[in-house]
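So the chains spell out like this:
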Amino acid sequence: MKLIKDKVAKLSFVALLVTMTAAIFYTPTASAHGEKSQAAFMRMRTIHWFDLNWSKEEVAINDTMSISGKFHVFAGWPETVDKPEVSFLNVGIPGPVFIRAGSWIGGQLVPRSVSLELGETYEFKVLLRARRPGEWHVHSMMNVQGGGPIIGPGKWVTITGSMGQFTNPLTTLTGQTIDLKTYALDSIYFWHAVWYAIGLAWMLFWVKRPLFVPRHIAVSSGKADSLISAADKKVGVAFALGTVVMLGVTMGTTNEKYPVTTPLQAGLMRGMKPIEMPATTVSVKVDDATYRVPGRAMQMTLTITNNGDSAVRLGEFNTASVRFLDADVLEDESGYPDDLLAEEGLTVSDNSPLAPGETRTVSVTASDAAWEVYRLADLIYDPDSRFAGLLFFFDEDGGRQMVMVDAPLIPSFI
Ligand SMILES: [Cu+2]
């Protein structure tokens, strides 16, 4: 019996060692950063990011790159997410590995929160200056007050060089050129040290004599007054006066050194300019939409009518940043993130050119590992089984039309 016990103990120890070693050597690379775990219907029914472009895939410290593109604010915004009346255009990166040198919506600089309108499409650009070497997954992102972060697609960007070389120069309106990376740091260190030292000095003054038991005895035997001498009182007054005088004087010298200062600039920016989207001449009706559980695809029956004057074909279906393309119609040239790009992911039962005036009902399948990897398949856990996405139609000259689709998405189990 004892032998078995020993053996079990030994084996458990070995198992523990193996597990610990494995845990140490197992370093998974995260390829998405937050968005996968968010509710699928929320990602499909809030902001549609498209036409994204990352200007560089590799950038040296202090060099800049930009993310630009468009986003459509879906009109069927979910109830549980506050309307984007107070939103902030952000970037999703692990801390300031880049600094944001500028961000624009519709050509307007947006350092503050902005108001977005449901149903509108906006153009944006974020200019980033490289700060920390490494490989970073850079997302566009919108923070919605009362809603949370709405994360756009992310792409890996490499920064080369060393962080020590990073600078962040800025010329103020008083004509000084400063480096925001280190500006005023010395003063912060100095004044924190000074006041901390004064606090310590006050404590040391009292701590150097017996602290607790003798003082407790003195107080309880009614001799509390003997504990604070006239000299102690003088020191107390000196500290009090010294503090007030020092505050007054340094406030004065700081005002002299920085005679022009302004309050923090804040406040919501309204009136963001949306893009004037051309009126679409293609109309699409979603007759039904389903997805297999488990599975990696969704299937829609669409009735498409071409009211324009040139024949069109369906090239892309985009939902929750996953782009399903029909390779015969559209090829991505923007270097869209691989894990979100299904180059041949879109199958249309009949994708021959749809002539002007013609109506056709087709079966469309959007299929790719991304459907599962990005957990759009997890719609099965969501309380609102509806999807939304963008369809892109192309005419013979390459002209593009965007049509929004939105319908219930019904699971099928057998
Ligand atoms: Cu990421």
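All chains use their own residue numbering, which begins from 1 and follows the written sequence. Totals for whole chains, interfaces and linings use all residues, but because this is a predicted model, local features are given only for residues with pLDDT of at least 70 and pairs of side-chain atoms are given and counted only at 80 or more. Based on all heavy atoms of the structure, the side-chain values leave hydrogens and waters out of the count.

Per an unreviewed UniProt entry, the protein chain goes by Methane monooxygenase protein B and derives from Methylococcaceae bacterium SF-BR.

Structural notes on the coordination of the copper ion
Donor atoms from the polypeptide that bind the copper ion are His33 (ND1), His137 (ND1) and His139 (NE2), placed at 1.7 to 2.0 Å. Exposure is judged per residue with a 1.4 Å probe applied to protein chains only, and the accessible area is read against the type maximum: over 50% gives exposed, under 20% gives buried, and values in between give partly exposed. The exposure class assigned to histidine 33 is partly exposed, which follows from its relative accessible area of 38%. With water omitted from the atoms examined, metal sites may look incomplete; donors here are N, O and S atoms no farther than 2.8 Å from the metal, or 3.2 Å in the case of Na, K and Ca.

Section: the pattern of salt bridges
Any Lys or Arg side-chain nitrogen found within 4 Å of a carboxyl oxygen on Asp or Glu counts as a salt bridge. One pass over the structure, following the stated rule, counts 12 salt bridges. Here the salt bridges share partners, and the residues they tie into one network are Asp51, Lys70 and Arg400.

Focus: the layout of surface pockets
The space that makes up the largest pocket amounts to roughly 670 Å³. Here a cavity denotes a set of grid points, spaced 1 Å apart and computed over the protein atoms alone, in which a 1.4 Å probe fits but from which it cannot get out, and a pocket denotes an open set meeting protein on both sides within 12 Å along at least five of seven lines; residues with an atom within 4 Å of a point are reported as lining. Taken together, 21 residues form the lining of the largest pocket, with Thr172, Leu173, Val260, Thr261 and Thr262 sitting closest to its centre. Throughout, the ten residues Ala, Val, Leu, Ile, Met, Phe, Trp, Tyr, Cys and Pro are labelled nonpolar, Asp, Glu, Lys and Arg are labelled charged, and all others, Gly among them, are labelled polar. Split by residue class, the lining of the largest pocket holds 12 nonpolar, seven polar and two charged. Grid points are joined across faces, edges and corners, and a volume is the space filled by probe spheres set on the points. Looking at the second largest pocket, its volume works out to about 300 Å³. In terms of lining, the second largest pocket is formed by Phe88, Ile99, Arg100, Ala101, Gly102, Ser103, Leu109, Val110, Pro111, Asn168 and Leu180. Helical segments are the DSSP runs of H or I of at least four residues, strand segments are the runs of E of at least two, and each set is numbered from the N terminus. Element by element, the count of residues in the lining of the second largest pocket is highest for strand S5 (residues 98-105), at five residues. Tallied by class, the residues present in the lining of the second largest pocket amount to seven nonpolar, three polar and one charged.

Here's the deal with a negative patch on the surface
A cluster of acidic residues, Asp328, Glu331, Glu333, Asp338, Glu343 and Glu344, forms a negative patch on the protein surface. Looking at where aspartate 328 falls in the secondary structure, it is placed in the loop between strand S15 (322-325) and strand S16 (341-342). Its relative accessible area of 63% is what places aspartate 328 among the exposed residues. For patch building, the residue pool is restricted to those with more than 30% relative accessible area and no salt bridge; the joining distance is 9 Å between like charges and 5 Å between nonpolar side chains (Val, Leu, Ile, Met, Phe, Trp, Tyr). For the accessible areas, the method is Shrake-Rupley and the probe is 1.4 Å, while residue cover comes only from the protein chains on display. Residues scored as positive are Lys and Arg, those scored as negative are Asp and Glu, and His as well as the terminal groups of each chain are ignored. Where a charge lies is defined by one atom per residue type, namely NZ (Lys), CZ (Arg), CG (Asp) and CD (Glu).

Observations regarding the environment of tyrosine 122
Checked against the element boundaries, tyrosine 122 lands in strand S7 (residues 121-130). On the accessibility criterion, tyrosine 122 (0% relative accessible area) is buried. Considering only alpha carbons, one finds tyrosine 122 and valine 207, 85 residues apart in sequence, at a separation of 64 Å. Two residues form a contact once any of their heavy atoms are found within 4.5 Å. Among all residues touching tyrosine 122, those that are not within four sequence positions of it are Gly69, Lys70, Phe71, Val73, Ile105, Ser115, Leu116, Glu117, Met272, Lys273, Pro274 and Ile275. A polar side-chain atom of tyrosine 122 sits 2.9 Å from the main-chain amide nitrogen of glutamate 117. Polar contacts here mean pairs of N or O atoms no more than 3.5 Å apart (in protein, one a potential hydrogen donor and the other a potential acceptor; neighbouring residues in sequence count only if both atoms are side-chain atoms).

Observations regarding the domain arrangement of the protein chain
Split by domain assignment, the protein chain resolves into domain 1 (35-167), domain 2 (185-257) and domain 3 (282-413). Just the C-alpha atoms count here: the centres of domain 2 and domain 3 sit 72 Å apart. Boundaries between domains were set according to an automatic or database domain assignment.

Re the packing of aromatic side chains
Ring pairs are drawn from Phe, Tyr and Trp, using the six-membered ring of Trp, whenever the two centres fall within 6.5 Å, and their geometry is named by plane angle: stacked under 30 degrees, edge-to-face over 60, tilted for the rest. Throughout the structure, instances matching the rule amount to 14 aromatic pairs. Judged by centre distance (6.4 Å) and plane angle (20°), the ring pair of tryptophan 202 and phenylalanine 205 falls under stacked. Taken as a pair, tryptophan 202 and phenylalanine 205 lie in helix H3 (residues 185-207) at a separation of three residues, close to a single helical turn. With relative accessibility at 35%, the residue tryptophan 202 sits in the partly exposed group.

Things to note about the nonpolar core
Most often, soluble globular proteins keep nonpolar side chains buried together rather than apart. Throughout, nonpolar core names a set of buried Ala, Val, Leu, Ile, Met, Phe, Trp, Tyr and Cys residues whose side chains join them through atoms within 4.5 Å. Judged by nonpolar contacts, the single largest core of 85 residues is most densely connected at Phe71, Phe98, Ile105, Met298, Phe317 and Phe387. Counting residues per element, this core draws most heavily on strand S19 (residues 386-395), at six residues. Formed jointly, this core draws a minimum of three residues from each of two domains, domain 1 (35-167) and domain 3 (282-413). Excluding its chain neighbours within four sequence positions, the residues that come into contact with methionine 298 are Ala289, Thr290, Tyr291, Phe317, Val364, Thr365, Ala366, Trp371, Phe387 and Leu409.

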